[in-house]
Amino acid sequence: MGLHRVVEPAGVLPQAAWRLDAGPEIAANEVRIRVERLNLDAASFRQLFDKHGGDGAAVRAEVLEIISTRGKMQNPVTGSGGMLIGTVEEAGRRSPLGLKPGERVATLVSLTLTPLVVTDGLARWDGLSEQVPCEGWAILFARSIAAVLPEDLDPQLSLAVLDVCGAPALTARVVSRCVAEGSGDRPVSVAVIGGAGKSGSLSLAAARQAGAGRTVGVVPVAAERDALVAAGLCDAVVLADARDPVGLSTAVTTALGVPADVTVVCVDVPGCEHGAVLATADGGTVIFFSMATSFAAAALGAEGLAADVTMLVGNGYVPGHAELALGLLRSDPGVRGLFEARLAAD
């Protein structure tokens, strides 16, 4: 679990630690990765970008400071990090991950618990996008997760997909369960808030594949609405501010004809908890994938609204999540188009 890498405070797991030992010498059950690129968590990047008013140099300087100070990439405000791709340099003889030197991999665990050193000063990054080309090394533990990068996909595309692969996997699991448990007299309805984003578009595709009868994507601006309509990933697309509970609930209910059986929150701004609860039917499920979520606000908001909903925290890991997400990218032109457009814009 990497306990021996915790510098302070003593006795906590690496994710909760303030600082990690990111030294390059590995234990027998560790793996060292030569890092090629980081993918910062969307909520973390937005917070840094807004804090510095879009000044890329200042964003770059703060990311460097966080990594050098903490021995990992963990935004102290959002608490989130991201993930990385790189090449296996050395695998300890007792590592259970099955990785071999020379394999290009994506880590499927957060940078918030991954010992990390950057050696190039992030000289090739302008600080204006979530993807960060860099040089350095990272350490994986025995309980870490990594996927060998597929040869048929561009590494940047794979990185973008694998960064959010937990979202479609859990969405598919929940929707499949709802379909199986339903009476059959009414199709399962799904709303994805932030439907044009990375996790949102994959979640819409996963919901449809899992048997959802009607889906709606919620987006904040017309450009995202047009892109999501063109992608054809859902039955309806609505414009709504997810921070406006009544407006969001009205938009979702109007589009679906009923409140959603499953609501998936994939936005990277705070204040969307109450709207998601209000847009969900009694007995329904809300899945929170955003690291900007206040879980206290979600729980207390549901109580205050007397809402009988199950609320799930998307923890980023579901068995088979990488394969499912990459499969959706390969099979659904709408998903692939949105991802490629996003990468081109970055």
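Coordinates for the structure precede this section.
Procedures and definitions
Residues numbered from 1 in each chain as written. Predicted model: local features only at pLDDT ≥ 70, side-chain atom pairs only at ≥ 80, totals over all residues. Heavy atoms only, no water. Helix = DSSP H or I, 4+ residues; strand = E, 2+ residues; numbered from the N terminus. Rg over C-alpha atoms; globule rule 2.2 N^0.38 Å. Buried < 20%, exposed > 50% of the residue type's maximum accessible area, 1.4 Å probe, protein only. Contact = heavy atoms within 4.5 Å. Areas by Shrake-Rupley, 256 points an atom, 1.4 Å probe, with all protein chains shown as cover. Lys, Arg positive; Asp, Glu negative; His and termini not counted. Charge placed at Lys NZ, Arg CZ, Asp CG, Glu CD. Patch = residues over 30% accessible without salt bridge, like charges linked within 9 Å, V, L, I, M, F, W, Y side chains within 5 Å. Salt bridge = Lys/Arg side-chain N within 4 Å of Asp/Glu carboxyl O. Core = buried A, V, L, I, M, F, W, Y, C linked by side-chain atoms within 4.5 Å. Pairing = 2+ DSSP bridges. Axes fitted to C-alpha atoms, helices over the stretch in contact; angles between N-to-C directions.

### Remarks on the overall build of the protein
Logical step 1: Summing up its helical and strand segments, the protein has 11 helices and 14 strands in all.
Logical step 2: Its C-alpha atoms give the protein a radius of gyration of 20 Å, within 12% of the compact-globule value 20 Å for 346 residues.
Logical step 3: Considered along the principal axes of its C-alpha atoms, the protein spans approximately 60 × 40 × 40 Å.
Logical step 4: Looking at the protein as a whole, 51% of its 346 residues are labelled buried.
Logical step 5: Excluding contacts between residues fewer than 6 apart, the proportion of contacts in the protein whose partners are at least 24 apart in sequence is 71%.
Logical step 6: With the model as given, the accessible surface of the protein reaches about 14,300 Å², and the carbon-plus-sulfur share is 53%.
Logical step 7: Both charge centroids of the protein, one from 27 positive and one from 38 negative side chains, sit 5 Å from each other.

### Digging into a nonpolar patch on the surface
Logical step 1: Together, Met1, Leu3 and Leu13 make up a nonpolar patch on the protein surface, roughly 300 Å² of accessible area in all.
Logical step 2: By the element assignment, leucine 13 lies in the loop between strand 1 (6-8) and strand 2 (19-20).

### Things to note about the nonpolar core
Logical step 1: Core analysis: the largest hydrophobic core is formed by 51 residues, its most contacted members being Leu162, Val190, Leu228, Val264 and Phe339.
Logical step 2: Considering each element in turn, this core owes the most residues, 6 residues, to helix 4 (residues 166-181).
Logical step 3: Excluding residues within four positions of it along the chain, leucine 162 makes contact with Met83, Ala106, Leu108, Leu149, Ala322 and Leu326.

### Topic: the sheet that holds strand 9 (residues 189-193)
Logical step 1: With parallel pairing, 6 strands are arranged side by side in an open sheet as 11-10-9-12-13-14. The outermost strands of the open sheet, each flanked by one partner alone, are strand 11 (236-239) and strand 14 (310-313). In this sheet, adjacent strand axes meet at a mean angle of 20 degrees when their direction is disregarded.
Logical step 2: Taken together, the 5 bridges between strand 12 (residues 260-265) and strand 13 (residues 280-288) define a ladder with parallel strand orientation. Considered in strand 13, the bridge of valine 264 is made with isoleucine 287.
Logical step 3: Of the strands in this sheet, strand 10 (214-219) and strand 11 touch helix 6 (residues 222-231), which is tilted by about 180 degrees from strand 11.

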